[in-house]
Amino acid sequence: MSLATFDLTPLRRADRWHPAELAFWLLPVAAYLVFPDNLVLLTQIAITALFCLSLDLILGYAGIVSLGHAAFFGFGAYAAGLLAANGIGNPLAGLVVAALASAALGLVTSFLVLRGSDLTRLMVTLGIAMMLYEVANKLTDLTGGVDGLQGIEMTPLLGRFTFDLYGKTAYWYAVAVLFVLFWAARKLVHSPFGLSLKGIRLNVARMPAIGAPVNARLSAIYTIGAAYAGIAGALLAQTTQFVALDVLSFNRSAELMLILVLGGSGSLYGAVIGAIVFMSAHHVLSDMNPEYWQFWLGALLVVVVLFARDGVMGGLRRLSHAAGGLRKGAR
């Protein structure tokens, strides 16, 4: 079926912004006013949300499993960090360079990742991340190795907003980038391209029968997801002005998977909500119980899986449907 004969009305309807969504994006403003002393944490939440969004695009919508997504995050962080350390500290230029570098890495590796089954993809993505980790560890003259990349100096954002010690510029910068890329991802998943990705995830064998180039679509979304992850890494490098070796670690990839499962994969808002819940719980529990916070965080994840099988976002959907049914019954 060609686009000329395909009815795009349902997609346009789904692409409309609902009042609840608009209210959701007022939360960063409320958080800034309520928690002015925790802007560093809030900035980290925004960056993690963007990173999780990148994984959701390839896993939640296209069904490409990955345990090495930190490869693109770290690659983008080092690309932006090295650019700034060598005298080009323009934040937006750093984002562009990081996006292009990570997208190129994603495009090259996509041909390896898309071969084989899900288990094969897990092994390949993990292997790529491990190799990059060791390369960054050995190239101490370039990356700083275990000591990290230092000497990153950022110029004022748009020539006016300096990255201050209180983190105000960093916070609004990270939130603005998150919102713009979320909007772009939202447009993408509500397009015919996004619909074809869902079809591939649900039944990859039938998609070629309707003329969908499966490998090309998967390669494209994998490259886009890599670019998103690279931008998230660049934001981390620019806002902290430091790049540690752990940006490429397995722990970061595994934690990202946990966040997405917690929030609910296959939902852009699930990725963002998962980052908010996980990072907030991490902060509160580690303050309350520095020795055993991981136990309580693990218990939280188990409870969510037991009572909200599709993550927090899935639980919210069921509550919304139940409330809608009660309202109809009361009429």
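Residues numbered from 1 in each chain as written. Predicted model: local features only at pLDDT ≥ 70, side-chain atom pairs only at ≥ 80, totals over all residues. Heavy atoms only, no water.

## Topic: the packing of helix α10 (residues 192-202) against helix α11 (residues 214-240)
Two elements in contact, α10 and α11, have axes separated by 10 Å at closest approach and are oriented at 110 degrees. Classified by the angle their axes make, α10 and α11 are roughly perpendicular. Both α10 and α11 take part in a crossing whose hand is left-handed. Contacts between α10 and α11 involve F193, S196, L197 and I200 from the first element and V214, R217, L218, A220 and I221 from the second. The class makeup of the residues in the contact of α10 with α11 is 7 nonpolar, 1 polar and 1 charged. (Axes fitted to C-alpha atoms, helices over the stretch in contact; angles between N-to-C directions. Helix = DSSP H or I, 4+ residues; strand = E, 2+ residues; numbered from the N terminus. Parallel < 35°, antiparallel > 145°, perpendicular 65-115°, else oblique. Left-handed = near helix turned anticlockwise from the far one by under 90°. Contact = heavy atoms within 4.5 Å. Nonpolar A, V, L, I, M, F, W, Y, C, P; charged D, E, K, R; others polar.)

## Re the packing of helix α13 (residues 268-288) against helix α14 (residues 293-307)
Put simply, α13 and α14 touch, their axes get as near as 9 Å, and they point 145 degrees apart. Considering the relative orientation of α13 and α14, their crossing is right-handed. Residues F278, A281, H282, L285 and S286 of α13 form the contact with α14, whose own contacting residues are W293, W296, L297 and L300. Of the residues assigned to the contact of α13 with α14, the class counts are 7 nonpolar, 2 polar and no charged.

## Quick notes on the packing of aromatic side chains
Going through the model one piece at a time under the given rule, you end up with 11 aromatic pairs. Aromatic side chains F51 and F73 sit 4.3 Å apart centroid to centroid with 25 degrees between the ring planes, which places their arrangement in the stacked category. Placement of F51 in helix α4 (residues 39-61) and of F73 in helix α5 (residues 70-85) is noted, with a sequence separation of 22 residues between them. (Phe/Tyr/Trp six-rings, centres within 6.5 Å; stacked < 30°, edge-to-face > 60°.)

## A short note on a nonpolar patch on the surface
Judged by side-chain polarity, L26, V29, L33, V34, F35 and W172 come together as a nonpolar surface patch covering roughly 600 Å² of accessible area. No other element matches the 3 residues that helix α3 (residues 27-34) contributes to the nonpolar patch. Counting through the fold element by element, W172 comes out in helix α9 (residues 168-189). (Patch = residues over 30% accessible without salt bridge, like charges linked within 9 Å, V, L, I, M, F, W, Y side chains within 5 Å. Areas by Shrake-Rupley, 256 points an atom, 1.4 Å probe, with all protein chains shown as cover. Salt bridge = Lys/Arg side-chain N within 4 Å of Asp/Glu carboxyl O.)

## What about the nonpolar core?
Within the largest apolar cluster, 97 residues are counted, with the highest numbers of intra-cluster contacts made by L50, L53, I64, Y78, V177, V243 and L268. Top element by residues in this core is α4. It accounts for 16 residues. (Core = buried A, V, L, I, M, F, W, Y, C linked by side-chain atoms within 4.5 Å. Buried < 20%, exposed > 50% of the residue type's maximum accessible area, 1.4 Å probe, protein only.)

## Topic: the pattern of salt bridges
Counted according to the given criterion, the structure contains 2 salt bridges. Between R186 and E21 there is a salt bridge, with its nearest N and O atoms 2.9 Å apart. Taken together, the positions of R186 in helix α9 and E21 in helix α2 (residues 19-24) put the pair 165 residues apart, joining distant regions of the chain. Judged by its relative accessible area of 3%, R186 falls in the buried class. On the accessibility criterion, E21 (10% relative accessible area) is buried. For D246, the salt bridge identified is with R252, shortest N-O distance 3.4 Å. Overall, the relative accessible area of 39% leaves D246 in the partly exposed class.

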